[in-house]
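A look at the structure
Residues per chain, in single letters:
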Amino acid sequence: MTDVLILGGGPAGTVLARRLTALGHVVTLVTCARRRAIEGLSLRAVEGLRRAGCLQAVTVAGRPAARRVEWNGQHTALNGEHLVDRGHLDDALLRDAADGGAILCHGTAAAIERGTEGWRVVDTTGVTLGSGRFLVEARGRRAPNAPARESGPRTLAIGRVYQGSARRAGSAAFSFADGWAWLAALPDGRRVVQLFIDGAAIPARADLTAWHAAMVASLPQATGWIADCTPIGDAEVSDATAIRRSPGLEVDRLRIGDAAFAVDPLSGHGVFAAVAWAFAAAAAIDTLATDPAALPVVGRFVDDRCAELFAHAAEAGNQFYRAEERWVDRPFWRHRAAWPPAPLPSADRGIHSRAVVVNDRIEERRVLVTPALPRGVLAIAGIELSPLLESVAIEPSLGGDLADRCGRQLGQPAGHVAVALAWLATNGFLPRDLPGAKSRPGQSRQR
Ligand SMILES: Cc1cc2nc3c(=O)[nH]c(=O)nc-3n(C[C@H](O)[C@H](O)[C@H](O)COP(=O)(O)OP(=O)(O)OC[C@H]3O[C@@H](n4cnc5c(N)ncnc54)[C@H](O)[C@@H]3O)c2cc1C
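All figures in this text were calculated on a predicted structure; none of them were measured in a lab. (Residues numbered from 1 in each chain as written. Predicted model: local features only at pLDDT ≥ 70, side-chain atom pairs only at ≥ 80, totals over all residues. Heavy atoms only, no water.)

So, the side chain of R160
Counted only if it meets this: Helical segments are the DSSP runs of H or I of at least four residues, strand segments are the runs of E of at least two, and each set is numbered from the N terminus. Note on classification: 1.4 Å probe, protein chains only; a residue is buried when its accessible area is under 20% of the maximum for its type, exposed when over 50%, partly exposed between these limits. His is not counted here, nor are the chain ends, while Lys and Arg score as positive and Asp and Glu score as negative. A pairing counts as a salt bridge when a side-chain nitrogen of Lys or Arg comes within 4 Å of a carboxyl oxygen of Asp or Glu. Counting of polar contacts relies on pairs of N or O atoms within 3.5 Å, with two restrictions inside protein: one atom must be capable of donating a hydrogen and the other of accepting it, and residues adjacent in sequence are counted only when both atoms are side-chain atoms. Here a residue-residue contact requires only that any non-hydrogen atoms of the pair lie within 4.5 Å.
Relative to the helices and strands, R160 is located in strand β11 (residues 155-163). Within the buried core, R160 has no salt-bridge partner, and the shortest N-O distance to an opposite charge, that of D234, equals 4.4 Å. Only 3.0 Å separates the side chain of R160 from the backbone oxygen of G233, close enough to count as a polar contact. Setting aside anything within four residues of it in sequence, one finds R160 in contact with R191, V192, V193, T209, H212, P231, G233, D234 and A235.

In structure tokens, the structure reads:
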């Protein structure tokens, strides 16, 4: 029996495996082959993979390709995206996880059993695929359902891959009356046309491939994209509804990635959110492994992080839906513009208690909250802000070098304290002209 059993080797499961093995846990990762897909990773998603040490995956992601957008009748060139064949990316992620020390097992998880020691997963023939004291559900949208907490309008993605001649990689997105389309061109000549439409827009038992072909023929941008190309296989449908489920945290189990919440692909945040979630989950699992009594604090952290990542992606998607004003009366656009992501509870500006990650562990700490930083800031330049503000209050006279005095009181270097004081002054928590609160040369900021 290993320490942690992870089901699902997508970005969430593999990054978590790498993080946990780096923290000294013995990890089993059980996964099966995924559906074929071509996706565009945001620059932040690839940065997250790099930070997790998944360098083979970063190599597969390659350089970002140019992206064009035609929306609300306007043409723009946005930040590039890394176009990836998800089969290749996920194979590289699995190699990264194995190189980090995770034990890989290829198989399809069919049933999970909870015993006195921990969890065991078996395939359809009853053969044990792996076991672990802590269970992580990371099987993406194919994970057994957990209750939904919020859900956007039902959205389907109907995609088809084509083969053309080799060309420069690039992608494009455009809106149309009943949805939007994502187009991709890979250097090996493969092209993708993926149409995102309302769940009710396709008649039951429709021939998807014929439906997709008719739609492509009616959309000049899509027709032009695949001119002189031949289809590879039929059109395929996937559910692309934004949905947030319970992360299901218990002292020995947790859901992560799309299994916990799946974002609207229009946000472009899917893989980024899965990777960010994996970092947070590693801290949660590491904390519970040594301190099961921390479950309530870890639970608050996990719930907040889940809601925050989901709201962030939902807001990014909704901005695009609201920006398209030509078809506001069509059901696709009306429903999505009217689906407001649940606003995160706003906290008053000032010091609040929050569950935060400190050195890969989750602890309840007093942080400084601002409207721009609702999760709060624990420290600047390594100086915790709550004790610093208390130290300023103990000696309210602002004369002399405040940084030296606070530094002595807190046992911290005055240079770092000066940087933290300058940040407090810039953000309106102290007068701007505070002596000793100016950034000293060579001091950097950190959150
Ligand atoms: C149509 C569509 C287009 C998208 N496009 C983009 C995009 O362009 N950019 C982007 O950033 N995000 C995109 N996303 C979102 C992105 O795919 C997901 O957010 C991301 O892959 C989630 O990672 P994950 O690890 O949680 O789950 P997944 O990537 O789904 O990984 C789950 C893993 O579990 C395995 N698994 C499933 N069932 C079992 C089982 N029974 N036993 C063992 N293993 C199992 C699967 O094979 C897979 O390897 C898109 C989503 C959709 C639906």
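Considering the environment of R167
With respect to the helices and strands, the residue R167 is situated in the loop between β11 and β12 (170-176). A sequence separation of 20 residues divides R167 from P187, and the C-alpha atoms of the two residues are 5.2 Å apart. Not counting residues up to four positions away in its chain, the partners in contact with R167 are A185, L186, P187, R191 and W225.

Comments concerning the packing of helix α1 (residues 11-22) against helix α7 (residues 270-290)
What counts is decided by this rule: Geometry is summarised by axes, namely lines fitted to C-alpha atoms with helices restricted to the contacting stretch, and by angles between N-to-C directions that run from 0 to 180 degrees. Should the near helix be turned anticlockwise from the far one by less than a right angle, the crossing is termed left-handed; should it be turned clockwise, right-handed. Residues are grouped as follows: nonpolar covers Ala, Val, Leu, Ile, Met, Phe, Trp, Tyr, Cys and Pro; charged covers Asp, Glu, Lys and Arg; every other residue, Gly included, is treated as polar.
For the pair α1 and α7, interaxial distance at closest approach is 8 Å and the crossing angle is 35 degrees. The two elements α1 and α7 cross, and the hand of that crossing is right-handed. Within the contact between the two elements, α1 uses P11, A12, V15, L16, R19 and L20 and α7 uses V271, A274, V275, A278, F279, A281, A282 and I285. Within the contact of α1 with α7, the residues separate by chemical class into 13 nonpolar, no polar and one charged.

Examining α1
Convention followed: An expected span of 1.5 Å times one less than the residue number is assigned to each helix.
Over its 12 residues, α1 extends 16 Å from the first C-alpha to the last, a length consistent with the 16 Å expected when each residue adds 1.5 Å. Most of α1 sits inside the fold, with 10 of its 12 residues counted as buried. By the burial criterion, the buried members of α1 are P11, A12, G13, T14, V15, L16, A17, R19, L20 and T21. Looking at the packing, one finds that the buried side of α1 touches β1 (2-7), β2 (27-31), α2 (43-51), α4 (86-99), β9 (128-137) and α7. At the exit of α1 stands G24, carrying a positive phi of roughly 100 degrees.

Focus on α2
Short version of the rule: The arc in question is the one spanned by the directions pointing from the helix axis to the C-beta atoms.
Turning to α2, its buried residues are A45, V46, G48 and L49. Viewed end-on, α2 has its buried residues packed into an arc of 155 degrees, placing them on one side of the element. On its buried side, α2 packs onto α1, β3 (38-41), α3 (55-61), β5 (74-85), α4 and α7. With its phi angle positive at about 85 degrees, G53 sits one or two positions after the end of α2.

Considerations on the domain arrangement of the protein
Here is the rule we go by: Domain borders in the structure are assigned automatically or taken from a domain database. Summed over both partners, buried area is the accessible surface (1.4 Å probe) that two parts give up on being assembled.
Domain assignment breaks the protein into domain 1 (2-61 + 83-146 + 242-337), domain 2 (155-239) and domain 3 (350-426). Of the residues lining the interface, 20 residues belong to domain 1; the matching set on domain 2 comes to 26 residues. For the pair domain 1 and domain 2, the two sides together bury roughly 1900 Å², of which 53% comes from carbon and sulfur. Residues R36 and E236 are paired through a salt bridge, measuring 3.5 Å at the closest nitrogen-oxygen approach. The tally of links between domain 1 and domain 2 comes to 13 residue pairs in polar contact (both at pLDDT 80 or more). Sorting the residues of the side of domain 1 that touches domain 2 by element identifies β3, β5 and α9 (331-337) as the ones contributing at least two each.

Structural notes on the sheet that holds strand β16 (residues 243-245)
The pairing of strands in a sheet happens through backbone hydrogen bonds and is either parallel or antiparallel. Let me state the cut-off plainly: Two strands qualify as a pair provided that DSSP identifies no fewer than 2 bridges between them.
On the basis of which strands lie adjacent, the open sheet formed by three strands has the order β10-β16-β18 and antiparallel pairing. Each having just a single partner strand, β10 (148-151) and β18 (261-262) make up the two edges of the open sheet.

With respect to the site of the ligand
Put simply, the rule is: Throughout, the term near means that a residue has one or more heavy atoms lying within 4 Å of the molecule or strand in question. Accessible areas in this description were obtained via Shrake-Rupley with a 1.4 Å probe; residue shielding takes into account the shown protein chains only.
Taken together, 30 residues form the shell around the ligand, and within it C32, E39, G40, R86 and D258 come nearest. Between the ligand and A12, the relevant distance is 2.9 Å, taken from an oxygen atom to a main-chain nitrogen or oxygen of the residue. One of the backbone nitrogen or oxygen atoms of A109 is found 2.8 Å away from a nitrogen atom of the ligand. Alone, the ligand offers 1000 Å² of accessible surface; in the complex the protein occludes 91% of this. Every element with two or more residues in the shell around the ligand is listed here: α1, β3, β14 (190-198) and α7.

Details of the packing of helix α11 (residues 402-410) against helix α12 (residues 414-426)
Rules: Any angle from 65 to 115 degrees is called roughly perpendicular, while one under 35 is roughly parallel, one over 145 is roughly antiparallel, and all others are oblique.
The N-to-C vectors of α11 and α12 enclose an angle of 115 degrees; their axes lie 8 Å apart at closest approach. When the axes of α11 and α12 are compared, the pair comes out roughly perpendicular. Between α11 and α12 the crossing geometry is right-handed. When α11 is examined against α12, the residues L402, A403, D404, C406 and G407 are found in contact with a partner set consisting of A414, V417, A418 and L421. Considered class by class, the residues forming the contact of α11 with α12 number seven nonpolar, one polar and one charged.

Topic: the packing of aromatic side chains
Applied cut-off: Each aromatic pair joins two rings of Phe, Tyr and Trp (for Trp, the six-membered one) with centres within 6.5 Å, and gets the label stacked for planes under 30 degrees apart, edge-to-face for over 60, and tilted for any other angle.
If you walk through the whole model with that rule in mind, you get 12 aromatic pairs. When the centroid spacing of 5.7 Å and the interplanar angle of 75 degrees are considered together, the rings of W71 and F320 count as edge-to-face. Of this pair, W71 sits in strand β4 (residues 65-71) while F320 sits in helix α8 (residues 295-323), placing them 249 residues apart in sequence. The buried category is assigned to W71, whose relative accessible area is 6%. Accessibility expressed as a relative area gives 29% for F320, which makes it partly exposed. Taken together, the ring pairs in this structure connect W71, W180, F196, F320, Y321, W327, F332 and W333 into an aromatic cluster.

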